[in-house]
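Inside the fold
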Amino acid sequence: MNQIFIFAIIFFLLSFNAAGQYKYGLTPQGYNAYIENVGADPHKELIDLEQHIPDLVLDIRYATTNNFTRQRIYDLAKAYARKPVADALKKIQAELKKEGLGIKIFDAYRPYKATVKFYEVYGDTTYVASPYRGSRHNRGCALDLTLVDLKSGKELKMPTGYDSFSKQAWPSTPMADPEIRRNRQTLIRAMEKFGFKVNASEWWHFDFTGWKNFEVLDIEFQELEHP
Ligand SMILES: [Zn+2]
């Protein structure tokens, strides 16, 4: 009798821990709820940006150890965003092409679990999103990106590298180098023309207007690739 009771307690604690992965009072949408949502509103679909946009360059840092956590966070190097975000980015890429420029994506849709991990690694919400609210990346409505020269494939000179947690990364920080100033302005102008807004502390991060209409998701790339 006692043993059964102890087993019951252990089982209860284990299942509680499993459910407790969402310990910040936010329960993101999983795959099944997402699919149901897309059925009712096709705008909610997460689009594979690499397939949707010609010549888009991907450097998904969280699928490598080359990021601030020094850990590989994603299993796959994929960039997904909701349909209106993907369509806007496609227009931006086409417009930039006229100037011989293109976009390189560092990060796009991000599963909620990764946001929790970033918060637990960094322990502050100045540069990483609060797990209590989730990130706009979790909604498939934020993009981290930079500009590349289409011919050479090289990144244009920008104020800092990706995920630099410094004041130099703020779009409002004055830049002495005219080339850097111009590049940053070209990027922000191109993005803001099509409904994005630059983040106040990260020149590379852009939120899509209307992000509030999209739920926080916790779907792995594997699930999107091989449902
Ligand atoms: Zn970002």
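An account of the accompanying structure is given in this report.

Calculation criteria
Residues numbered from 1 in each chain as written. Predicted model: local features only at pLDDT ≥ 70, side-chain atom pairs only at ≥ 80, totals over all residues. Heavy atoms only, no water. Donors = N, O, S within 2.8 Å, 3.2 Å for Na, K, Ca; no water. Helix = DSSP H or I, 4+ residues; strand = E, 2+ residues; numbered from the N terminus. Buried < 20%, exposed > 50% of the residue type's maximum accessible area, 1.4 Å probe, protein only. Phe/Tyr/Trp six-rings, centres within 6.5 Å; stacked < 30°, edge-to-face > 60°. Pairing = 2+ DSSP bridges. Contact = heavy atoms within 4.5 Å. Axes fitted to C-alpha atoms, helices over the stretch in contact; angles between N-to-C directions. Parallel < 35°, antiparallel > 145°, perpendicular 65-115°, else oblique. Left-handed = near helix turned anticlockwise from the far one by under 90°. Nonpolar A, V, L, I, M, F, W, Y, C, P; charged D, E, K, R; others polar. 1 Å grid on protein atoms, 1.4 Å probe; cavity = no way out; pocket = protein on both sides within 12 Å on 5 of 7 lines; lining within 4 Å. Points joined across faces, edges and corners; volume = space filled by probe spheres on them.

**Structural notes on the coordination of the zinc ion**
Within the protein, the zinc ion binds to His137 (NE2), Asp144 (OD), Asp144 (OD) and His205 (ND1); these donor distances fall in the range 2.0 to 2.8 Å. Positions of the donor residues of the zinc ion along the chain correspond to the pattern H-x6-D-x60-H. Placement of the pair is aspartate 144 in strand E5 (residues 142-149) and histidine 205 in strand E7 (residues 202-208), with a sequence separation of 61 residues. Classification of aspartate 144 by relative accessible area gives buried; the value is 2%.

**Side note on the packing of aromatic side chains**
Under the criterion given, the structure shown has 19 aromatic pairs. Aromatic pair tyrosine 62 and tyrosine 162: ring centres 6.2 Å apart, planes at 55°, arrangement tilted. Remark: tyrosine 162 occurs in the loop between E5 and helix H6 (178-193) and tyrosine 62 occurs in the loop between strand E2 (57-58) and strand E3 (80-82); sequence separation between them is 100 residues. With a relative accessible area of 11%, tyrosine 162 lands in the buried category. Centroid distance tyrosine 162 to tryptophan 204: 5.6 Å. Interplanar angle 80°. Geometry classified as edge-to-face. Remark: tryptophan 204 occurs in strand E7 and tyrosine 162 occurs in the loop between E5 and H6; sequence separation between them is 42 residues. Like tyrosine 162, the residue tryptophan 204 is buried in the burial classification.

**Section: the sheet that holds E2**
Judged by pairing direction, the sheet is mixed, and its five strands sit side by side in the order E2-E4-E5-E7-E6 without closing on themselves. The sheet terminates laterally at E2 and strand E6 (196-199), the two strands that pair on one side only. Summarising the sheet, E6 and E7 pair through four bridges and their orientation is antiparallel. Paired with phenylalanine 196 across the bridge in E7 is phenylalanine 208. Where helix H4 (residues 83-97) meets the sheet, its contacts fall on strand E4 (101-107), E5, E6 and E7, and the angle it forms with E4 comes to roughly 145°. In the packing of H6 onto the sheet, the strands contacted are E4, E5, E6 and E7, and the crossing angle to E5 comes to about 130°.

**Notes on the packing of H4 against H6**
Interhelical geometry of H4 versus H6 gives an angle of 135° and a closest axis separation of 9 Å. Of the possible angle classes, the one that applies to H4 and H6 is oblique. Where H4 crosses over H6, the two elements pack in a sense that is right-handed. The segment H4 lies against H6, with Leu89, Ile92, Glu95 and Leu96 engaging Thr186, Ala190, Met191 and Lys193. The residue inventory of the contact of H4 with H6, partitioned by class, reads five nonpolar, one polar and two charged.

**Digging into the layout of surface pockets**
Considering only enclosed or pocket space, the largest pocket measures out at about 460 Å³ in volume. What lines the largest pocket is a set of 28 residues, and nearest its centre among them are Val128, Ala129, Ser135, Asn199 and His205. For the lining of the largest pocket, the element with the most residues is E7, which contributes four residues. Among the residues forming the lining of the largest pocket, the class breakdown is 11 nonpolar, nine polar and eight charged.

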